[in-house]
Amino acid sequence: MQKIKSLMTRQGLKSPQESLSDLGAIESLRVPGKEEFRELREQPSDPQAEQELINSIEQVYFSADSFDIVKYELEKLPPVLNLQELEEYRDKLKQQQAAVSKKVADLILEKQPAYVKELERVTSLQTGLQLAAVICTNGRRHLNIAKEGFTQASLGLLANQRKRQLLIGLLKSLRTIKTLQRTDVRLSEMLEEEDYPGAIQLCLECQKAASTFKHYSCISELNSKLQDTLEQIEEQLDVALSKICKNFDINHYTKVQQAYRLLGKTQTAMDQLHMHFTQAIHNTVFQVVLGYVELCAGNTDTKFQKLQYKDLCTHVTPDSYIPCLADLCKALWEVMLSYYRTMEWHEKHGNEDTASASEGSNMIGTEETNFDRGYIKKKLEHGLTRIWQDVQLKVKTYLLGTDLSIFKYDDFIFVLDIISRLMQVGEEFCGSKSEVLQESIRKQSVNYFKNYHRTRLDELRMFLENETWELCPVKSNFSILQLHEFKFMEQSRSPSVSPSKQPVSTSSKAVTLFEQYCSGGNPFEIQANHKDEETEDVLASNGYESDEQEKCAYQEYDSDSDVPEELKRDYVDEQTGDAPVKSVSRETLKSRKKSDYSLNKVNAPILTNTTLNVIRLVGKYMQMMNILKPIAFDVIHFMSQLFDYYLYAIYTFFGRNDSLESTGLGLSSSRLRTTLNRIQESLIDLEVSADPTATLTAAEERKEKVPSPHLSHLVLLTSGDTLYGLAERVVATESLVFLAEQFEFLQPHLDAVMPAVKKPFLQQFYSQTVSTASELRKPIYWIVAGKAIDYEQMLLLMANVKWDVKEIMSQHNIYVDALLKEFEQFNRRLNEVSKRVRIPLPVSNILWEHCIRLANRTIVEGYANVKKCSNEGRALMQLDFQQFLMKLEKLTDIRPIPDKEFVETYIKAYYLTENDMERWIKEHREYSTKQLTNLVNVCLGSHINKKARQKLLAAIDDIDRPKR
């Protein structure tokens, strides 16, 4: 197709589109005539042949427009022309032209409808253009008319109005710029008023306004100035944030946080806050210690300011050590309280921010707020432990700067008080167990306490060796809680009371120190007159606290319910805890209340000055244990040594008697003997001087022991008029029992502070040592009972009696009267002793029981010495013993009479037959071999023959053999 178009061009023909571009040439456009079309149509129509003709046309005919066909053909002619060849070539060219022309005609006919349609559109377009030319002409004419209709004045008015609007806008801009220029003055005023949120808000608004007028040259300088002002505000804001660390103010902190929120730097603010708290702790402790060091140095030398905190602590003098420690803890408390209140603020306002954010629809803003709140919460929680660790290290450094062993006990306790309160603060602050402080103070406390305890043991030995065992008069309502050493067990928690002065039990909902002192006050305030307020009123001026009490002691009781608890307590067996065998009737109480040795001192506790000193020592030990629970085991161990040594001293002074064990009465229980042996092995130093060849370990062990005490030479235990020192024995023994009762009273408190792994030691101490205190009564009072009655004289009198009488006697023997006189004498002496010292009912019962038991056993021993005895003689024995019992029951209220059956059974055994006696001998091993042998020998001839005698003696020998 392209070849055809090119050929058409060579022939001077144009395409329909090119022909339309020149309307003026439409008329001159040559269209083939009808004859030509007819000739073309009449020619053979063979498309393939025609196409071959077209293809046979040389390519050069389809080249550029400048191609000259005629010239080309002429140049092709050969030098020698051949007419026939020329005609043939001419015919070929004509055929090719005819094929091309036919092809062109076909194409024209094919495009004829499109050609006509396009020609119509061109004609229409020409008409439209002519109409537009008419409209433009009319518009120009009307514009000329309008121009001529308006005056120059009208156009000037419009121009002025537009200029006026522009000037108004400019004036507004100038006023805004003027306000921006004066903003720095207002910002300075707001910073002085600490209105940081307002200052930042104003500065940000000014920056926004300045960006609007940045096309003014003066604004660029103002924008730079505002940026400098904003940086200055941030610096002052950081300073304001640092003030929170020592004195938290909720309004001040709220402004600071609002300011940081406007800046979008809440996380940065939290990081800065923790840095300020760390710096505040360091600066605070340094300034407090520096102040005391410079004050004690008495000069203004600046060398102390250049020292490290650790070195500075070594310059604190002992006199200023405790006040400095108290002020140090007070200052650190203020820092921790500020941090605690900071956390409270964030917890409260964090919830408010969450609620307000949830109401809004900006999801991105809500997520960002939640992220900041989570970051702040984690940062604050992590900061708790970090700040407490810093506080512990600072206080530990201060404690290590001075040797605490130089302080007196009360001062040392006060130091522990402060540290204990600080550890309590730490536990409430972050739940920490204060391992750093505990380990530091524990080492110093144990070393201090060991030396202190050793000194107290030596003092106790000195007191015991100089003790005359006189009664220390205390009031009947005396309680150890009245001693100021035990005030910590009953005083309520208050700002002036240290941790060691706290009650044993607290309310179910305890108030933390931070809640208690959040609004004001300080848990480390020192009460200078605290000890002066702790007055004691425990001593009585005489046996009675008043004459009225003396009268009340002897008043008549209308019913058993009116009996005082003190009297009821005295009528309980203190060894078993059971009620006495004989019931306590009102008549008995009436008789007892008139008895000198029963109620002459209104039942006031029996104790000595040494006992009181031991109790005070126990109170001091418990103070230290209550303050510093990690050393509770060491303290309780030392407390047990105080009791052990006191018990061992009482036994050594008044109860040691080798002849007691030979009686076979079990006066010293196996538990008591085990306890005494343990004390002697672990606590008593029996060596007179140290062995120079002893090993170092042995020397160290001896340092832990105390020499055995010796009874004062002022105490006489050999006089019969004083019942062999009964008053001193009663005071000593009952003071030990009283001390044991106080330990029993303190057991719940000791058990509460004792570590679980060490509680078996405490239980063993109470079950094997404290509970054995009352068991010392038997061996101690047995010595008095053994000497108070002349049992040897009674045996001599019984030996002179003739028992082989032939008739029944109606009169008892004189040895009974002699024995009863001895008991009456014993009763009188007991009354005399009771004028000096109140003799409790358990003591008097034990004394009477011992004397009666010894008398009855002496009677049996006397009967066992009889060589000959008849049935009438046995009846006389019965008569003598019944007379003795009848008179004895008038002297004592003990029921039943001790060992009554022991005597009666022995007398009645005389009447037993051979078989019954053999069985009786095997069942009653409480009698000695001598007594049993004598019983068999006396029965010989009456109803026992020699063979039976030999059999019975053999049975006795079999019983006695295991005892040898």
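Residues numbered from 1 in each chain as written. Predicted model: local features only at pLDDT ≥ 70, side-chain atom pairs only at ≥ 80, totals over all residues. Heavy atoms only, no water.

**Topic: the confidence of the model for the protein**
Interpretation of the predicted coordinates at a detailed level should be avoided for regions scoring low in pLDDT.
(1) Moving on: Confidence in the prediction of the protein, expressed as mean pLDDT, is 78, and 76% of residues score 70 or more.
(2) Moving on: Predicted confidence for residues 492-508 stays below pLDDT 50, and this span has 47 contacts to residues more than four positions away or in other chains. (pLDDT = per-residue confidence, 0-100. Contact = heavy atoms within 4.5 Å.)

**Quick notes on unusual backbone geometry**
(1) Moving on: The residue after Arg 895, namely Pro 896, is reached through a cis peptide bond having omega -5 degrees.
(2) Moving on: Take Pro 896: it is sitting in the loop between helix 35 (871-891) and helix 36 (900-908).
(3) Moving on: A positive phi angle, near 60 degrees, is found at Trp 469, a position not held by glycine.
(4) Moving on: The residue Trp 469 is located in the loop between helix 18 (435-466) and helix 19 (513-516) in this model.
(5) Moving on: A relative accessible area of 1% means that Trp 469 is categorised as buried.
(6) Moving on: In this structure, Tyr 724 takes a positive phi of about 60 degrees despite not being glycine.
(7) Moving on: As for its placement among the helices and strands, Tyr 724 is situated in the loop between strand 2 (706-707) and helix 29 (726-753). (Helix = DSSP H or I, 4+ residues; strand = E, 2+ residues; numbered from the N terminus. Buried < 20%, exposed > 50% of the residue type's maximum accessible area, 1.4 Å probe, protein only.)

**Remarks on the packing of aromatic side chains**
(1) Moving on: All told, the structure shown has 37 aromatic pairs when counted by the stated rule.
(2) Moving on: Consider the rings of Phe 823 and Phe 884, whose centres lie 5.9 Å apart with planes at 55 degrees: the pair is tilted. Taken together, the residues Phe 823 in helix 33 (residues 814-834) and Phe 884 in helix 35 connect sequence positions 61 residues apart.
(3) Moving on: Judged by centre distance (5.3 Å) and plane angle (85 degrees), the ring pair of Phe 826 and Trp 848 falls under edge-to-face. Of this pair, Phe 826 sits in helix 33 while Trp 848 is found in helix 34 (residues 841-864), placing the two residues 22 residues apart along the sequence.
(4) Moving on: With relative accessibility at 2%, the residue Trp 848 sits in the buried group.
(5) Moving on: In textbook terms, an aromatic cluster arises when at least three aromatic residues are bridged by ring pairs, as seen for Phe 277, Trp 333, Tyr 339, Tyr 340, Phe 429, Phe 514 and Tyr 517.
(6) Moving on: The ring of Tyr 452 has Arg 456 sitting right over it, with the charged end atom 4.3 Å from the ring centre.
(7) Moving on: Positioned above the aromatic ring of Phe 633, the side-chain terminus of Lys 758 is 4.4 Å from the ring centre. (Phe/Tyr/Trp six-rings, centres within 6.5 Å; stacked < 30°, edge-to-face > 60°. Lys NZ or Arg CZ within 6 Å of the ring centre and 35° of its normal.)

**Regarding the pattern of salt bridges**
(1) Moving on: Inspection of the entire model under this criterion finds 27 salt bridges.
(2) Moving on: Measuring nitrogen to oxygen at the nearest pair gives 3.8 Å for the salt bridge that ties Lys 443 to Glu 439. Residue Lys 443 and its partner Glu 439 are both found in helix 18; the two are separated by four residues, about one turn of the helix.
(3) Moving on: Exposure remark for Glu 439: the relative accessible area of 43% places this residue in the partly exposed category.
(4) Moving on: Salt bridges linked by common partners bring Glu 849, Arg 853, Arg 857 and Asp 899 together as one network. (Salt bridge = Lys/Arg side-chain N within 4 Å of Asp/Glu carboxyl O.)

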